[in-house]
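Structural features, examined
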Amino acid sequence: MAVTDAAPIVTRRVGLPESWTLRSYLDNGGYVGLRRALEMAPEEITQEVLTSNLLGRGGAGFEAGRKWSMLRKAQPVYLVVNGDESEPATFKDHMLVECDPHQLIEGVVICAYAIGAAQAFIYIRGEFALGLERVQAALNEAYEHGAVGKDIFGSGFDLDVVVHPGAGAYICGEETALIESLEGKRGFPRIKPPFFPAAIGLYGAPTVVNNVETLSNLPWIVENGGAAFAALGEGRSTGTRIFSLSGHVNRPGNYEVEMSKTTFRDLVEHYGQGVRLGRQVKAFIPGGVSAPWFGPDQLDMPLSQEQVGAAGSMLGSGAVTIMDDTTCMVRAAWRITRFFHNESCGQCTPCREGSGWVAKIMQRIETGAGREDDLDLLLDVCDNIAPGLSWPPQQTTICVLGPSIPSSVVSGIRMFRDEFLLHIKEGACPYG
Ligand SMILES: Cc1cc2nc3c(=O)[nH]c(=O)nc-3n(C[C@H](O)[C@H](O)[C@H](O)COP(=O)(O)O)c2cc1C
Ligand code: SF4
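My aim in this report is to walk through the structure given alongside it, one point at a time. (Residues numbered from 1 in each chain as written. Chains lettered and ligands numbered in written order. Predicted model: local features only at pLDDT ≥ 70, side-chain atom pairs only at ≥ 80, totals over all residues. Heavy atoms only, no water.)

Notes on the pairing of strand β9 (residues 281-285)
Consecutive residues of a regular strand have side chains that alternate between opposite faces of the sheet. The test is simple: Only protein chains enter the area calculation, which uses a 1.4 Å probe; residues under 20% of their type maximum are buried, those over 50% are exposed, and those in between are partly exposed. Each helix is a run of H or I in the DSSP string that is no shorter than four residues. Each strand is a run of E no shorter than two, and both are numbered from the N terminus. By the convention used here, strands pair only if DSSP detects at least 2 bridges between them.
A large share of β9 lies buried, amounting to five of its five residues. Here four bridges tie β9 to strand β10 (residues 319-324), and the two strands are oriented antiparallel to one another. Within the sheet, the bridge partner assigned to Val-281 lies in β10 and is Asp-324.

Points about the pairing of strand β3 (residues 160-165)
For clarity, the threshold we go by: We call a crossover right-handed when, viewed with both strands directed away from the observer, the connection leading from the first strand over the helix to the second proceeds clockwise.
Pairing of strand β2 (residues 119-124) with β3, which is carried by six bridges, proceeds in the parallel orientation. Within the sheet, the bridge partner assigned to Gln-119 lies in β3 and is Asp-160. Handedness of the crossover is the feature at issue here: the chain leaves β2, passes through helix α7 (residues 129-145), returns alongside β3, and the resulting connection is right-handed.

Observations concerning unusual backbone geometry
Residue Lys-192 is joined to Pro-193 through a cis peptide bond whose omega torsion reads -10°. You can see Pro-193 is positioned in the loop between α8 (175-182) and β4 (207-211). With omega at -5°, the peptide bond leading from Trp-391 into Pro-392 counts as cis. Position of Pro-392 among the secondary structure elements: in the loop between α16 (374-385) and α17 (401-404). For Leu-277, which is not a glycine, the phi torsion comes out positive at approximately 55°. Within the secondary structure, Leu-277 is located in the loop between α12 (264-271) and β9. Residue Leu-277 is classed as exposed on the basis of its relative accessible area, which comes to 73%. Phi is positive for Leu-389, which is not a glycine, with a value near 50°. Positionally, Leu-389 belongs in the loop between α16 and α17.

What about a negative patch on the surface?
Note the threshold: Within this analysis, patches are made of residues with over 30% relative accessible area and no salt bridge. Like charges are joined at 9 Å or less; nonpolar side chains (Val, Leu, Ile, Met, Phe, Trp, Tyr) at 5 Å or less. Using a 1.4 Å probe, the Shrake-Rupley method yields the accessible areas, and only the shown protein chains count as cover for residues. Salt bridges are identified by distance alone: a Lys or Arg side-chain nitrogen within 4 Å of an Asp or Glu carboxyl oxygen. Positive residues here are Lys and Arg, negative ones are Asp and Glu, while His and the chain termini are left out of the count. Throughout, a charge is located at the NZ atom of Lys, the CZ atom of Arg, the CG atom of Asp or the CD atom of Glu.
A contiguous patch of negative charge, built from Glu-372, Asp-373, Asp-376, Asp-380 and Asp-383, is present on the exposed surface. By relative accessible area, which is 49% here, Asp-373 ends up partly exposed.

Things to note about the state of the cysteines
Put simply, the rule is: Counting rule for disulfides: a pair of cysteine sulfur atoms within 2.5 Å.
Following the criterion strictly, the structure yields zero disulfides and no others. Between Cys-328, a free cysteine, and Cys-429, which holds the nearest cysteine sulfur, the sulfur-to-sulfur gap is 3.7 Å. Cys-429 gets classed as buried once you look at its relative accessible area, which sits at 14%.

Thoughts on the site of ligand 1
Threshold: Consider each residue's heavy atoms; a residue with any of them within 4 Å of a molecule or strand counts as near. Here a polar contact means two N or O atoms within 3.5 Å. Within protein one must be a hydrogen donor candidate and the other an acceptor candidate, and residues neighboring in sequence count only if both atoms are side-chain atoms.
Around ligand 1, 18 residues are found, and the nearest of them are Gly-58, Lys-67, Asn-82, Asn-211 and Thr-214. Asn-82 places a side-chain nitrogen or oxygen 2.9 Å from an oxygen atom of ligand 1. Taking Glu-85, its main chain carries an N or O atom lying 3.0 Å from an oxygen atom of ligand 1. Broken down by element, the residue count for the shell around ligand 1 peaks at three residues, all from β4.

Considering the site of ligand 2
Worth spelling out the cut-off: Under the grouping applied here, Gly and all other residues not named as nonpolar or charged are polar, the nonpolar ones being Ala, Val, Leu, Ile, Met, Phe, Trp, Tyr, Cys and Pro and the charged ones Asp, Glu, Lys and Arg.
Around ligand 2 lies a shell of 13 residues, among which Cys-345, Gln-347, Cys-348, Cys-351 and Cys-399 are the nearest. Taken together, the residues of the shell around ligand 2 sort by class into eight nonpolar, five polar and no charged.

Section: the nonpolar core
Definition in use: Only buried residues count toward a nonpolar core. Its members are Ala, Val, Leu, Ile, Met, Phe, Trp, Tyr and Cys residues joined through side-chain atoms within 4.5 Å. Whether two residues are in contact is decided by their heavy atoms: any pair within 4.5 Å suffices.
Residues Trp-68 and Val-108 are the most contacted members of the largest nonpolar core, which totals 61 residues. When residues of this core are assigned to their parent elements, the largest contribution, 10 residues, is made by helix α6 (residues 101-115). When near neighbours in sequence (up to four residues on either side) are disregarded, Val-108 contacts Leu-79, Val-81, Ala-120, Ile-122, Leu-159, Val-161 and Leu-215. Of all hydrophobic cores here, the second largest spans 41 residues; its members include Met-323, Leu-375, Cys-382 and Leu-401.

Next up, the structure:
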């Protein structure tokens, strides 16, 4: 039972028997949106998506319709699906590709038709072995069914779709690194501006990169109209969205909820069935490990991109991680920093070197060798990575992985300075 009356959109078939097959998809309203889309003019579809105000679900939260409208006018145009999903604690696209691959394929064909692409690529994280298998099997079925390929449903529209497995690098989720990877090169993010993928993307052609969940919303939007989507939620945060709830809750999982009308507290208490063993929330990460942390005083904040942004963090990839009062905040921030250090592609000095220095200082604090001036040193190194330590961070690097590194450490020091100092004073972690 949801907190609001909004019915799920992208997860509505999850849990149905063999939900990944064409048979099940057709029995449950599949490919109706695509048939309708093909009777519309491409611009009308873009207009519906603009009306829906669908924000990208991959992390940056950019309006999908606006992204499509910004494409450079040239042919060919490519559509690339970002199914790399590697932000720690984010596991919603993983579920969508495994449980409802036809919904994604239908969304891909609708988007390709709207933007005039004849070729699309679905880039999926290599570790999603079952997801890859199911998307490929669904694609084969969709070709046979006439939903992909030549003259789709007799409309005259042609589209080829290729499934491409990634090789497990976090950075390949960044859209320009993903494009490099698709081109067969090392996944190095490209410098932008001047050129965003909408202008110069895959093979130098105008390219739309959209997230799996973003595209999975399109069949519903075409069928029900952009206004129906925009009627859910509030402000710019419309529709429903999947939140991956993890950490110290009794029932972690993916929950699709109405945006803006649902709060973090609803997620934790209603969907997550409370904090384990009845403990208290000490802090939580509202949108993936790149996001600055929130304290329990922010649990009543709505799941709204604007409000979370105004409070100094982001909904990001939709991963909400709860930390209870047994959590060592130094260890939590250190673990996240180590992740970034391992995943830095190494092109930019502040990210490559800074992440290593921050991780080393955090290690010595956590393992009892911290020094009194370490907190100032940490803040100084972080300030060199993202000057001003503000949110959103200033960009000193090619992509935003670098400026995201300080988020956890700076949050930890600002919110739990005494706990950091206790590690240094006692020469040990008080949590053992
Ligand atoms: C380091 C890094 C990792 C990212 N990883 C992902 C990812 O795994 N999946 C994703 O959809 N977007 C990811 N993004 C965001 C993409 O660059 C891009 O904004 C997104 O795919 C656009 O799709 P959307 O507009 O539908 O959200 C990442 C960004 C950065 C900087
Ligand atoms: S910020 Fe880090 S991950 Fe991004 S391009 Fe620079 S070195 Fe690579």
